[in-house]
Amino acid sequence: MAFTLVELLAVMAIGGVLAAFAFGAAHGAGERSKRTRAVAELGVLAQALEAYRAQFGDYPRTGVAANAPAGPAVAADGPGILFNALTGRRGPGAALVPAEVRGFVMLGAHSLQTAELPVAGNSAQSANAFLDPWGRRYLYAYKTGAAWTSPSPVLLSAGPDGVAVLAPDLAVWDGTV
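## Observations regarding the overall build of the chain
Here's step 1: Along the backbone of the chain there are two helices and four strands.
Here's step 2: The order of α-helices and β-strands along the chain, N terminus first, is α-α-β-β-β-β.
Here's step 3: Its C-alpha atoms give the chain a radius of gyration of 23 Å, more than 25% over the compact-globule value 16 Å for 177 residues.
Here's step 4: Projected onto the principal axes, the alpha-carbon positions of the chain cover approximately 85 × 35 × 30 Å.

This is how it looks when you write it as structure tokens:
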């Protein structure tokens, strides 16, 4: 039994189309998986913020601290304030109020920007941040200035493109995204 050249080309074309669909679906599945993970992690961090508010009466304030998805880990920007508050190293005020209470998150369940972790018996803050599935820091802001009217904080991921547009002047931001 012999195949003609046309039959072989038709089979190869069909195989190529099926392979393209398979690779396209696999790429889309990976991106959907990252988005789903980011939503789940944001939910966990939001629950931890609610537990923090239940204990302290307010969310951790950032004031006009910088917020960027990329950059070095620091204790005094939005992502650093979120990390230190949820690990029990920062009180709710905008001014630094060291606290040494139980943590509100399981650090092993999150990707972190650095290996620096809180040390028991030391209320010093850590230069660290929670990372989203794309390797960027989760952004956090609350009561950045007198114009803030939102009753809740802003917690978000910059997503796959790494672009998050927050207000240029956080001191007069009303908290809307």
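And the narrative resumes.
## A few points about the environment of proline 79
Here's step 1: Following the sequence through the fold, proline 79 ends up in helix H2 (residues 78-86).
Here's step 2: Note on proline 79: relative accessible area 1%, which makes it buried.
Here's step 3: Taking the C-alpha atoms as reference, proline 79 lies 7.1 Å from phenylalanine 130; in sequence the two are 51 residues apart.
Here's step 4: Discounting residues that sit within four places of it in the chain, proline 79 has contacts with Ala66, Asn67, Ala68, Asn128, Ala129, Arg137, Tyr138 and Leu139.

## Some points on the packing of aromatic side chains
Here's step 1: Scanning the model with the defined rule gives five aromatic pairs in all.
Here's step 2: Pairing tyrosine 59 with tyrosine 142 gives two aromatic rings, centres 5.2 Å apart and planes at 75°, and the pair type is edge-to-face. Note that tyrosine 59 is positioned in the loop between helix H1 (5-56) and H2 and tyrosine 142 in the loop between strand S3 (139-141) and strand S4 (154-156), a separation of 83 residues in sequence. For the pair tyrosine 59 and tyrosine 142, a shared accessibility class is recorded, and that class is buried.
Here's step 3: A connected cluster of aromatic rings, assembled from ring pairs, spans Tyr52, Phe56 and Phe104.

## Side note on H2
Here's step 1: Along H2, nine of the nine residues are buried, which leaves the element largely enclosed by surrounding structure.
Here's step 2: The set of residues buried in H2 consists of Gly78, Pro79, Gly80, Ile81, Leu82, Phe83, Asn84, Ala85 and Leu86.
Here's step 3: Sitting at the head of H2, aspartate 77 places a side-chain oxygen 2.9 Å from the backbone nitrogen of glycine 80.

## With respect to the pattern of salt bridges
Here's step 1: What the rule picks out here adds up to five salt bridges.
Here's step 2: Between arginine 137 and aspartate 77 there is a salt bridge, with the nearest N and O atoms lying 2.7 Å from each other. Placement of the pair is arginine 137 in the loop between strand S2 (130-131) and S3 and aspartate 77 in the loop between H1 and H2, with a sequence separation of 60 residues. The residues arginine 137 and aspartate 77 share a single accessibility class, namely buried.
Here's step 3: Each of Asp58, Arg61 and Lys143 takes part in one network of salt bridges that share partners.

## Examining the side chain of glutamate 41
Here's step 1: Looking at the secondary structure, you find glutamate 41 in helix H1.
Here's step 2: On the basis of relative accessible area, glutamate 41 is assigned to the buried category, the value being 8%.
Here's step 3: Excluding residues within four positions of it along the chain, glutamate 41 makes contact with Leu131, Asp132, Pro133 and Tyr138.

## Concerning the nonpolar core
Within soluble globular proteins, side chains that are nonpolar generally end up buried alongside one another.
Here's step 1: Judged by nonpolar contacts, the single largest core of 25 residues is most densely connected at Leu45, Leu82, Leu86, Phe130 and Trp173.
Here's step 2: Every element with two or more residues in this core is listed here: H1, H2, S3 and S4.
Here's step 3: For leucine 45, the residues in contact, after removing those within four places along its chain, are Leu82, Leu86, Val105, His110, Phe130, Tyr138 and Leu155.

## Let's talk about unusual backbone geometry
Here's step 1: A positive phi angle, close to 50°, is found at lysine 143, a residue other than glycine.
Here's step 2: For lysine 143, the position within the fold is in the loop between S3 and S4.
Here's step 3: On the accessibility criterion, lysine 143 (30% relative accessible area) is partly exposed.

## Topic: a nonpolar patch on the surface
Here's step 1: Side chains of Ile14, Val17, Leu18 and Phe21 sit close together on the surface and give an oily, nonpolar patch of about 440 Å² of accessible area.
Here's step 2: You can see phenylalanine 21 is positioned in helix H1.

The rules behind these values
- Residues numbered from 1 in each chain as written.
- Predicted model: local features only at pLDDT ≥ 70, side-chain atom pairs only at ≥ 80, totals over all residues.
- Heavy atoms only, no water.
- Helix = DSSP H or I, 4+ residues; strand = E, 2+ residues; numbered from the N terminus.
- Rg over C-alpha atoms; globule rule 2.2 N^0.38 Å.
- Buried < 20%, exposed > 50% of the residue type's maximum accessible area, 1.4 Å probe, protein only.
- Contact = heavy atoms within 4.5 Å.
- Phe/Tyr/Trp six-rings, centres within 6.5 Å; stacked < 30°, edge-to-face > 60°.
- Polar contact = N/O pair within 3.5 Å; in protein donor to acceptor, adjacent residues only side chain to side chain.
- Salt bridge = Lys/Arg side-chain N within 4 Å of Asp/Glu carboxyl O.
- Core = buried A, V, L, I, M, F, W, Y, C linked by side-chain atoms within 4.5 Å.
- Patch = residues over 30% accessible without salt bridge, like charges linked within 9 Å, V, L, I, M, F, W, Y side chains within 5 Å.
- Areas by Shrake-Rupley, 256 points an atom, 1.4 Å probe, with all protein chains shown as cover.

Remember that the coordinates give geometry; whether it matters functionally is a separate question.
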